[in-house]
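What the coordinates show
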Amino acid sequence: MSLADTVTLAARNAWALTFGDGIETPEPTPSTVLDDRPHHLLRRYEGAAADAPAVLLVPPLAAPAFCFDLRPDQSLVRFLLDSGRAPYLVDYGGISYADRRMGFETWIDDILPEAIRQVSADRGGRPVDLVGWSIGGVLELLTAAADPTLPIRSITAVGAPLSYDHMVGIPQLRQLIKLTGDRVTTTAVSVAGGVPAPLTRIAYRVTAWERELKRPWFVARNITDTDTLARMETINRFQNALPGYPARFYNQLWRRFMMANDIGKGTVHLGDRAIALADVTVPVLLVGGPDDAITAAAAVRHGTTTLTGSPEVRYETAPGSHLGILLARDSTWTYLDKFLRDLP
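Here we summarise the structure given alongside this text. Only a predicted model underlies this, so the values are computations on that prediction, with no experimental measurement involved. (Residues numbered from 1 in each chain as written. Predicted model: local features only at pLDDT ≥ 70, side-chain atom pairs only at ≥ 80, totals over all residues. Heavy atoms only, no water.)

Quick notes on the pattern of salt bridges
Worth spelling out the cut-off: Any carboxyl oxygen of Asp or Glu that lies within 4 Å of a side-chain nitrogen of Lys or Arg is treated as forming a salt bridge with it. When accessible area is computed with a 1.4 Å probe and restricted to protein chains, residues below 20% of their type maximum are described as buried, those above 50% as exposed, and intermediate ones as partly exposed.
Within this structure, the stated rule accounts for 16 salt bridges. Between Arg174 and Asp165 there is a salt bridge, and its shortest N-O distance comes to 2.6 Å. For Asp165, a relative accessible area of 43% corresponds to the partly exposed category. One connected set of salt bridges, linked through shared partners, spans Glu312, Arg314, Lys338 and Asp342.

So, in structure tokens, the structure goes:
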């Protein structure tokens with residue numbers, strides 16, 4: 001490339017990042033909406049054979065559902081299509097003050113069971129493979145444990161926190177709460193109706209503070225590398241779309257998971273109800289990330305000790321950040337492909 005071409009490309013990329021419409025236009029995989037009710041939106045991605053096995057993708061709260069389909073070369077959706085499967089996605093949409101009473105039960109008893117049954121019906125009644133990321137992995141496991149009659153064939157949980165004793169900073173936070181109490185935190189969340197999206201976005205960026213500090217240098221160093229800048233832009237778009245948590249859900253997460261570590265003990269208490277991970281009776285694949293700053297790998301691996309009712313629990317590791325392990329084609333996606341192929 002000549003000097004003139006290099007300067008022109010650099011100027012074009014700089015303009016696109018600052019004043020223009022961006023480096024590249026998003027290209028979501030074509031899909032059909034099967035259910036468009038609030039918090040129940042269900043997509044079927046097009047291109048699979050009629051007899052392809054169904055895979056339902058389960059996002060976490062506080063993350064946009066397009067995490068599974070960021071761009072053509074960072075799309076678990078397209079990988080599943082290319083490997084002969086029929087991917088579906090449940091999308092909870094935005095969370096507002098009006099949703100403040102939504103709790104774990106909303107997902108475990110309503111949103112996810114409905115999506116699983118609809119996907120199964122759309123595939124002629126065949127059982128569904130579930131793939132969840134982060135808290136999405138926890139939700140799918142609790143859903144399966146709460147209702148063993150659901151048509152579920154297997155569960156994959158990537159970066160799912162299955163023991164808060166192993167989460168960075170949580171033991172120290174518990175010691176602090178013993179001294180100060182948690183009434184201020186839970187009351188503030190309740191009054192606000194939840195954790196607002198801007199706060200979620202700030203918290204996510206803090207976990208990657210080094211990346212944020214180096215961003216100007218990264219842009220300058222790669223100003224003529226359009227593909228690298230497009231990947232960075234995709235991550236920025238993901239971060240800028242993070243939604244929030246409903247008040248009830250977050251307060252349950254705080255008290256029952258972070259403080260009491262119910263999930264690590266194997267039984268989650270929601271009011272008078274107890275949901276035991278030992279009641280999951282389908283094969284499970286767990287993927288943790290040794291470099292994951294949000295969910296420690298040990299917190300994911302802990303599931304091998306609590307999912308005692310599963311006929312098989314595989315644990316694998318993948319490189320990268322919390323989002324990076326979801327996008328790890330040569331590890332996470334390879335493990336998933338083999339796991340699904342090995343199922344009877």
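Details of the pairing of strand β4 (residues 86-91)
What counts, and what does not: In this text, helices come from DSSP runs of H or I with a minimum length of four residues, and strands from runs of E with a minimum of two, each type numbered from the N-terminal end. When DSSP finds at least two bridges between two strands, those strands are taken to pair. For crossovers, right-handed means that the path from the first strand over the helix to the second runs clockwise, given strands pointing away from the viewer.
Across the 6 residues of β4, 5 count as buried, placing the element largely inside the fold. Strand direction decides the pairing type here: strand β2 (residues 41-45) and β4, joined by 4 bridges, are antiparallel. Looking at the pairing, Leu41 lines up with Asp91 of β4. Taken together, the 4 bridges between strand β3 (residues 54-58) and β4 define a ladder with parallel strand orientation. Within β4, the residue paired with Leu56 across the bridge is Tyr88. Each parallel crossover has a hand, and the one from β3 via helix α2 (residues 76-82) to β4 is right-handed.

A short note on the nonpolar core
Heads up, the condition is: What makes a nonpolar core is a set of buried Ala, Val, Leu, Ile, Met, Phe, Trp, Tyr and Cys residues whose side-chain atoms join them at distances within 4.5 Å. Any two residues whose heavy atoms approach within 4.5 Å are treated as being in contact.
Counting residues in each nonpolar core, the largest one holds 58 residues, and the members touching the most others are Leu56 and Leu142. In terms of residue count, the dominant contributor to this core is helix α3 (residues 104-122) (8 residues). Those residues in contact with Leu56 that lie beyond four places of it in its chain are Leu42, Tyr88, Leu89, Val90, Ala115, Ile116, Val119, Val128, Asp129, Leu130 and Val131. In terms of nonpolar packing, the next biggest core, distinct from the first, is built from 33 residues, Ala63, Val131, Phe238 and Leu336 among them.

What to know about the side chain of Ser310
For the record, the criterion: In protein, a polar contact requires one atom able to donate a hydrogen and another able to accept it; more generally it is a pair of N or O atoms within 3.5 Å, and residues adjacent in sequence count only if both atoms are side-chain atoms.
When you line up the elements, Ser310 lands in the loop between α13 (303-306) and β12 (313-317). What makes Ser310 buried here is its relative accessible area of 11%. A distance of 2.7 Å separates a polar atom in the side chain of Ser310 from the backbone oxygen of Val282. Here Ser310 is in contact with Val280, Thr281, Val282, Pro283 and Val284, once residues within four sequence places are set aside.

Quick look at the sheet that holds strand β1 (residues 31-35)
Our working definition: Lines are fitted to the C-alpha atoms to define the axes, a helix being fitted only along its stretch in contact, and any angle between axes, read from their N-to-C directions, falls within 0 to 180 degrees.
What the 8 strands build is an open sheet, ordered β1-β2-β4-β3-β5-β6-β11-β12; its pairing is mixed. Edge positions in the sheet fall to β1 and β12, since each of these pairs with one other strand and no more. Going from strand to strand, the sheet's axes swing by 20° on average, the running direction of each strand aside. Here 4 bridges tie β1 to β2, and the two strands are oriented antiparallel to one another. Paired with Asp35 across the bridge in β2 is Leu42.

Focus on the side chain of Thr295
On the secondary structure map, Thr295 appears in the loop between β11 (284-288) and α12 (297-301). Classification of Thr295 by relative accessible area gives buried; the value is 1%. Of note is the side chain of Thr295, whose polar atom sits 3.2 Å from the backbone oxygen of Gly159. With residues up to four places along the chain from it excluded, the contact list for Thr295 reads Gly159, Ala160, Pro161, Met167, Gly289, Val300 and His322.

Description of the packing of helix α4 (residues 135-146) against helix α10 (residues 247-259)
So the rule is basically this: Relative orientations are named as follows: roughly parallel for angles under 35 degrees, roughly antiparallel for angles over 145 degrees, roughly perpendicular for angles from 65 to 115 degrees, and oblique for any other angle. Gly counts as polar in this scheme, as do all residues outside two lists: the nonpolar Ala, Val, Leu, Ile, Met, Phe, Trp, Tyr, Cys and Pro, and the charged Asp, Glu, Lys and Arg.
For the pair α4 and α10, interaxial distance at closest approach is 14 Å and the crossing angle is 80°. By the criterion of interaxial angle, the relationship of α4 to α10 is roughly perpendicular. In this structure, α4 uses Ile135, Val138, Leu139 and Leu142 to contact α10, whose residues at the interface are Phe249, Leu253 and Phe257. Per-class residue counts for the contact of α4 with α10 are 7 nonpolar, no polar and no charged.

Notes on the pairing of strand β6 (residues 152-158)
Counting buried positions along β6 gives 6 out of 7 residues, so the element sits mostly inside the fold. Summarising the sheet, strand β5 (residues 128-133) and β6 pair through 6 bridges and their orientation is parallel. Bridging from a neighbouring strand, Val131 pairs with Thr156 of β6. Handedness of the crossover joining β5 and β6 through α4 is recorded here as right-handed. Looking at chain direction, β6 and β11 are connected through 4 bridges and run parallel. Within the sheet, the bridge partner assigned to Ile155 lies in β11 and is Val284.

A closer look at the packing of α3 against α4
When two helices pack together, you describe them by how their axes are tilted relative to each other and by the distance separating the axes. Running from amino to carboxyl end, α3 crosses α4 at an angle of 80°, the nearest separation of the two axes being 9 Å. With respect to α4, the element α3 is oriented roughly perpendicular. For the pair α3 and α4, the contacting residues are Phe104, Trp107, Ile108, Leu112, Pro113 and Ile116 in the first and Leu139, Glu140, Leu142, Thr143 and Ala146 in the second. Taken together, the residues that form the contact of α3 with α4 break down as 9 nonpolar, 1 polar and 1 charged.

With respect to the environment of Ile155
Within the element layout of this structure, Ile155 appears in strand β6. Here Ile155 falls in the buried class, since its relative accessible area comes to 0%. With 11 residues separating them in the primary sequence, Ile155 and Ala144 have C-alpha atoms 8.7 Å apart. Leaving out residues up to four positions away in the same chain, Ile155 has contacts with Leu130, Glu140, Leu141, Ala144, Val280, Val282, Pro283, Val284, Leu285 and Phe339.

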